[in-house]
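# Commentary on secondary and tertiary structure
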Amino acid sequence: MLRLDFAVATFESFAVFAHFGRIFVSLALIAVLGGQWAMLQTVAWTTMLANNLQTGSFHEAVAKTFDGQHPCPLCRAIAAGKQSEKKNSFAQSQKLEFTPFKGAIALLAPSRPDAASSENIFLESLPQKPLTPPPRWSFI
């Protein structure tokens, strides 16, 4: 019974690790695809809408928030961050370009093609017999 409890506990711990792994992969995918900018933009728009609702009607607040004519400081920072990220990725892609190889490529065959097939790799070809297995009672 103790072994079964240990197996269940071990399985549950692996399930927890798998759950954290999925969360980590999801967050990494969001970061790679630029999801952090979308999350920050959502926060900025929500803040702008709340501030604009204090000074005007709902229709005017929504229009002022999403027209692009009245960006808040967070919206400007997000736009600058996106631009700098695009410039950095473009500069890095320029550094990774390689010049074409102008040399000749030659493929050479092995000197003795039948060398590997002539060796006998079966048990009978071994110089000594394997040791006898240990008694089964030692594994219990």
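Residues numbered from 1 in each chain as written. Predicted model: local features only at pLDDT ≥ 70, side-chain atom pairs only at ≥ 80, totals over all residues. Heavy atoms only, no water.

### Considerations on helix H2 (residues 35-55)
Between its first and last C-alpha, H2 extends 31 Å over 21 residues, near the 30 Å set by a 1.5 Å rise per residue. When H2 is considered as a whole, its buried residues turn out to be Gly35, Trp37, Gln41, Ala44, Met48 and Asn52. (Helix = DSSP H or I, 4+ residues; strand = E, 2+ residues; numbered from the N terminus. Expected span 1.5 Å × (residues − 1). Buried < 20%, exposed > 50% of the residue type's maximum accessible area, 1.4 Å probe, protein only.)

### Observations concerning the environment of Ile78
Along the chain, Ile78 turns up in helix H4 (residues 73-95). Spatially, the C-alpha atom of Ile78 lies 9.8 Å from that of Gln36, the residues being 42 residues apart in sequence.

### Re the confidence of the model for the protein
On average, residues of the protein score 77 in pLDDT, and 65% of them reach the 70 mark or higher. Per-element mean pLDDT across the protein ranges from 54 in helix H5 (residues 115-118) up to 92 in H2. (pLDDT = per-residue confidence, 0-100.)

### Quick word on the packing of aromatic side chains
The final tally for this structure, using the stated rule, is 1 aromatic pair. Between the aromatic rings of Trp45 and Phe66, the centroid separation amounts to 5.3 Å while the plane-to-plane angle is 65°, which identifies the pairing as edge-to-face. Taken together, the positions of Trp45 in helix H2 and Phe66 in helix H3 (residues 58-66) put the pair 21 residues apart, joining distant regions of the chain. On the basis of relative accessible area, Trp45 is assigned to the partly exposed category, the value being 35%. Given the relative accessible area of 47%, Phe66 is considered partly exposed. (Phe/Tyr/Trp six-rings, centres within 6.5 Å; stacked < 30°, edge-to-face > 60°.)

### Details of the state of the cysteines
A complete count under the given rule lists 0 disulfides for this structure. Cysteine Cys72 shares no disulfide, and the gap to the nearest cysteine sulfur, in Cys75, comes to 3.4 Å. Of the residues examined, Cys72 reaches a relative accessible area of 15% and is grouped as buried. You can call Cys75 buried: its relative accessible area is 11%. (Disulfide = S-S within 2.5 Å.)

### A closer look at a nonpolar patch on the surface
Among the surface-exposed residues, Val16, Phe20, Ile23, Leu27, Ile30 and Met39 lie close enough to one another that they form a single nonpolar patch of about 550 Å² accessible area. Considering each element in turn, the nonpolar patch owes the most residues, 5 residues, to helix H1 (residues 2-32). Tracing the chain through its elements places Ile30 in helix H1. By relative accessible area, Ile30 is classed as partly exposed at 34%. (Patch = residues over 30% accessible without salt bridge, like charges linked within 9 Å, V, L, I, M, F, W, Y side chains within 5 Å. Areas by Shrake-Rupley, 256 points an atom, 1.4 Å probe, with all protein chains shown as cover. Salt bridge = Lys/Arg side-chain N within 4 Å of Asp/Glu carboxyl O.)

### Brief notes about the side chain of Thr65
The topology assignment puts Thr65 in helix H3. Side chain to side chain, Thr65 and Asn52 meet in a polar contact 3.0 Å long. The residues contacting Thr65, other than those within four sequence positions of it, are Trp45, Met48, Leu49 and Asn52. (Polar contact = N/O pair within 3.5 Å; in protein donor to acceptor, adjacent residues only side chain to side chain. Contact = heavy atoms within 4.5 Å.)

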